[in-house]
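# Observations on the model geometry
Here is how the chains run, residue by residue.
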Amino acid sequence: MTERLPDPFADRPDWAPRPPRPVEIVPATGRVALRGRRVQVGLPGLGWRGDLRADDRVVQGSRTYVPVIPEHEWYRAEIEQVEVFAPLIPVERVWVETIGTRPAEPARPAVGLRLVSLDGPSHRDPIPVVDADSVAGRRVVHVVDSVEHRDLRAVTETYSGADGDICVRITSEVDWYRWAWRGQAPSTLEVPVHLLWVE
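Here's what I pulled together on the structure shown here. Remember, predicted model here, so these are calculated numbers, not experimental data. (Residues numbered from 1 in each chain as written. Predicted model: local features only at pLDDT ≥ 70, side-chain atom pairs only at ≥ 80, totals over all residues. Heavy atoms only, no water.)

Quick look at the pattern of salt bridges now. Applying the stated criterion to the full structure yields 23 salt bridges. The salt bridge partner of arginine 150 is glutamate 199, with a shortest N-O separation of 2.5 Å. Pair noted here: arginine 150 is in strand β10 (residues 147-154) and glutamate 199 is in the segment after β14 (196-198), with a separation of 49 residues, a long-range link. Judged on exposure class, the residue arginine 150 and its partner glutamate 199 are both buried. (Salt bridge = Lys/Arg side-chain N within 4 Å of Asp/Glu carboxyl O. Helix = DSSP H or I, 4+ residues; strand = E, 2+ residues; numbered from the N terminus. Buried < 20%, exposed > 50% of the residue type's maximum accessible area, 1.4 Å probe, protein only.)

It is worth spelling out the environment of leucine 52 at this point. Locating leucine 52 in the fold gives a position in strand β3 (residues 47-54). Residue class for leucine 52 comes out buried when judged on its relative accessible area of 2%.

Residues that lie three or four places apart on an α-helix share one face, since the helix turns once every 3.6 residues. Inspection of helix α1 (residues 71-80) places Glu71, Trp74, Tyr75 and Ala77 among the buried residues, and these make up the whole buried set. For α1, the arc enclosing every buried residue in end-on projection is 160°, short of the 170-degree limit, so these residues lie on one face. Elements in contact with the buried residues of α1: β2 (38-43), β3, β5 (63-70), β10 and α2 (173-182). (Arc of directions from axis to C-beta. Contact = heavy atoms within 4.5 Å.)

This next bit is on the packing of aromatic side chains. Taken as a whole, this structure holds four aromatic pairs when the rule is applied. Taking the centre distance of 5.0 Å and the plane angle of 75° together, the rings of tryptophan 74 and tyrosine 75 count as edge-to-face. Side by side, tryptophan 74 and tyrosine 75 carry an identical accessibility label, which is buried. Ring geometry for tyrosine 75 against tyrosine 177: centres 5.4 Å apart, planes inclined by 25°, an arrangement best described as stacked. Here tyrosine 75, found in helix α1, pairs with tyrosine 177, found in helix α2; they are 102 residues apart in sequence, far enough to count as distant. The pair formed by tyrosine 75 and tyrosine 177 is uniform in burial state, with each residue classed as buried. Here the aromatic residues Trp74, Tyr75 and Tyr177 are joined through ring pairs into a cluster of three or more. The side chain of arginine 53 reaches across the aromatic face of tryptophan 74, ending 4.9 Å from its centre. (Phe/Tyr/Trp six-rings, centres within 6.5 Å; stacked < 30°, edge-to-face > 60°. Lys NZ or Arg CZ within 6 Å of the ring centre and 35° of its normal.)

Here it is in structure tokens:
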């Protein structure tokens, strides 16, 4: 018998959600809004630092700067309406995370060593939680009916839920950071892993 078995999902191409759109990183020197956006700062050839948020550009003399705040401080300033220190970074050293377009073909996960250019910060394509080595504390995207829910964090590693599904508990980033500065446990949602990607 050399015939292939029929694909049980051939008539249901939407049985699993499509991966979310990837994050693309663009220079802040372009025409992109900055307030509240995730940014990375650094120098080509040296390195990059992330988990930062930006405020609107500031012009001093002939130079343009971007106020950059650690992400947890940005959330605290926005929620509690407090002043926080924001160093001014030259705009040419700031890169903005934007949501890219979905590729025509799904990306194949890279196996082994991954080399990148040091000319600008790089970012990986979203990977299914089932393929991640660990997820607690990482940014995740929850896809429901082709709608991407972002600005979420995984609170647990994978575990077996009450219904037998493999799940992860997630929370909003606001609650994730509030947990750090107030000690207030976040409200969480149990999500099956086939609906989650590491951003």
